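Observations on the model geometry
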Amino acid sequence: MAVSPATLPPKKKRSSDSDERLLRSLLLRSKETSSLSPIPFVLYRNSNSIIRKTKLLTLLLEELVVDHVVPSFPASAVLCFEELYIVLQSIKTLIEDCCNGSKLWLLIQQQSVANKFHEFTLELSTLIDIFPVKAMNLSQDVEELVNLIRKQCSKTAAWMDEKDINLRNDVLEKLDRIKSEIVPQQTKLKEIFTRLQLTDSTSCTEEIEILEEEVRNQSDEISKAEIISLIGLVRYAKCVLYGESSPRVPRGRKKSNSTDLTIPADFRCPISLDLVRDPVVVSTGQTYDRASINLWIESGHTTCPKTGQTLDHTGMIPNRALRNLIIMWCREHRIPFESTETKEKVTGESTNKTLFEATKMTVTFLLEKASASQSLEMANRFVYELRALAKTDSNSRACIADADGLPLLVKFLSSDNPNLQINAVTTILNLSIHDANKTKIMETEGVVNGIVEVLRTGATWEAKGNAAATIFSLTGVPVYRKKLGRKSRVIKGLMELARTGPISSKRDALVAILNLAGDRETVGKLLEVGVVEMASEVMDGLPEEGVTVLEAVVKKGGLAAITAAFHVIRKLATVLRDGTERAQESAAATLVNVCRKGGSEIVSELAAIPGIERVIWEVMGMGTGRGRRKAATLLRILRRWAAGLYGNATAAYSTTSSSSTTTTRVVLPG
């Protein structure tokens, strides 16, 4: 059936306003692109050439905006403008990526990048060729400008600067020499890095960070291997060429302040009590930091630390949802976030021969320079670089220990220079992360005693805290836990730091004490020096950490622990009421242990607290899974005691129990 043209919807016509908006948007994009600076260190001529062409385009578009006399543009012109906008955006993105990305990786990839510049130039040429000059009713001057741009774009051929090619070959030659265990010449290395504008320690560090990010973004294994080799080259050059530069303050150095923040309970590892960096879920469904749970399992444990359930298997599933939330929280509070997961991804380096040899060369250079330094300030600069290197990956940690770095570091632990002491003890802490190094640290003469001395008499809280963190790392091995637990100086040093240190140092000491409390013999020593009283004091500022230590001590401390804990019953009840979910969980577990082992006297002390039953009911209703179970057990203990099964029930409890179920406000000591 024929359809009358009148019944069809009218064809939509472009308005002159929309054409003008398109033209002005295109002009703005062209101005942004033409205002960019050429890439200064490589592919300068390629980037400069295409920027010059965009400047001519800007002149053309400005003329078109001024001479826009036709009511609307032809469809072919509109299509040209739309495609031109996309090409200009692509050129802008390419130049910005090249300027902001890795200089070395751009040098290696210069052929493919030069081809992209050529492709964009050809696209510009094509668009100018099909531009409907006649239909636009342009002035003669504008037509001449179009012809000039057409001529400029059409005669361009793909090419690369010979200097860039030679520089690339020099870098590849250096990588091959390092792979063959041949130390590169410093003068030639200096020339390469100067040409790439990597002229100091800071610029090299930034280059390494960009390369590490590039590794994480790469899916091609060959490219990953090439980038990892470049990381090794930059690390070596940074130390050899600029190793004597002053240690920089790391980005986000406000970390010491950030540790004073209240970390959300869900973002804390139940084992280390610190911010989770790489959250993983174990077979019981609980989430831990990967490093902490690995340490727990490697220490011979077969149960879930939080629930006590036997682990069906030791497999772990990354908790990416929680990790993303933690990253967002860290960014919000300006806390640097380094994930052990991403570090390990970057360190798929164990099989990279070039990186391994570069690391060995770097370590040898730094140790020789630090040992030969005539002043403590100069030695500090090289030890600082060792500290940074030891933080990067397992290969670096192994290389430093294998090169006899520990005896040199021990010498600096007793230094009068506070910064040198901090860097030395922190380097040892970083080395201890590598399992094989734990044995070397324990067996190398003077290392353990040096760490303990820093713990007790260190020049700064940071040094003392890192000494405590080193002890925590070493106590992950059961035999070393026993050995360190027998040293009174270790116990007293940790206790003193937990009592008097700032928040961050307190936490370092508490996690070490928590690890030591896994050994029954050590718990006896902890009780002798007042660990229960210390935990009670700490609970005022760090309730979660304090009550967790108390739980571990009561669990293995026997009658002495129960007797000591009698005086903190009311404080535990306060934590049970006001603490975080995890603090409530530990408080409930501690009260269960104390009541079971301490008999009716302790139960009556708990029962005499007004409102305690209501508090327990609240934990049963809103606590964690383990917290609810422990609260239910605690309630059963109180009721058995009231029924006379723990001794003579007092009228006081009956009255308290009755009133607590009817009152609306819990009254506990504040």
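Here is what the cut-offs are and how they apply
Residues numbered from 1 in each chain as written. Predicted model: local features only at pLDDT ≥ 70, side-chain atom pairs only at ≥ 80, totals over all residues. Heavy atoms only, no water. Pairing = 2+ DSSP bridges. Helix = DSSP H or I, 4+ residues; strand = E, 2+ residues; numbered from the N terminus. Contact = heavy atoms within 4.5 Å. Axes fitted to C-alpha atoms, helices over the stretch in contact; angles between N-to-C directions. Parallel < 35°, antiparallel > 145°, perpendicular 65-115°, else oblique. Nonpolar A, V, L, I, M, F, W, Y, C, P; charged D, E, K, R; others polar. Expected span 1.5 Å × (residues − 1). Buried < 20%, exposed > 50% of the residue type's maximum accessible area, 1.4 Å probe, protein only. Polar contact = N/O pair within 3.5 Å; in protein donor to acceptor, adjacent residues only side chain to side chain. pLDDT = per-residue confidence, 0-100.

1. A few points about the sheet that holds strand β2 (residues 287–289)
With antiparallel pairing, three strands are arranged side by side in an open sheet as β2-β1-β3. Of all strands in the sheet, those bounded by a partner on one side alone are β2 and β3 (317–318). When strand β1 (residues 279–281) meets β2, the two strands line up antiparallel, connected through three bridges. Pairing of P279 across the sheet is with D289, part of β2. Contacting β1, β2 and β3, helix α12 (residues 290–298) runs over the sheet at an angle of about 95° to β2.

2. Some thoughts on the packing of helix α19 (residues 418–432) against helix α20 (residues 435–443)
The angle between the axes and the distance between the axes are what describe a pair of packed helices. At a minimum axis separation of 7 Å, α19 and α20 run at an interaxial angle of 130°. Compared by their axis directions, α19 and α20 come out oblique. Packed against α19, whose contacting residues are I428, L431 and S432, the element α20 presents N437, K438 and I441 at the interface. A breakdown of the residues in the contact of α19 with α20 according to their chemical character gives three nonpolar, two polar and one charged.

3. Digging into helix α9 (residues 201–217)
The first and last C-alpha atoms of α9 sit 25 Å apart over 17 residues, in line with the 24 Å expected at 1.5 Å per residue. When α9 is considered as a whole, its buried residues turn out to be S201, S203, C204, T205, E207, I208, L211, E212 and V215. For α9, the N-terminal cap is D200; the gap from its side-chain oxygen to the backbone nitrogen of T202 is 3.3 Å.

4. Examining unusual backbone geometry
Even without a glycine there, the phi angle at L43 is positive, about 60°. Summarising the element assignment, L43 is placed in the loop between α1 (16–34) and α2 (44–66). The phi torsion at D404 lies on the positive side, around 60°, for a residue other than glycine. Inspection of the secondary structure puts D404 in the loop between α17 (394–402) and α18 (405–413). The class for D404 is exposed, based on a relative accessible area of 57%.

5. Examining the confidence of the model for the protein chain
In this model, the protein chain carries an average pLDDT of 83, and 86% of its residues clear a pLDDT of 70 or more. Low confidence marks residues 648–670, where pLDDT is under 50. Its contacts with residues over four positions away, or in another chain, come to 39 contacts.

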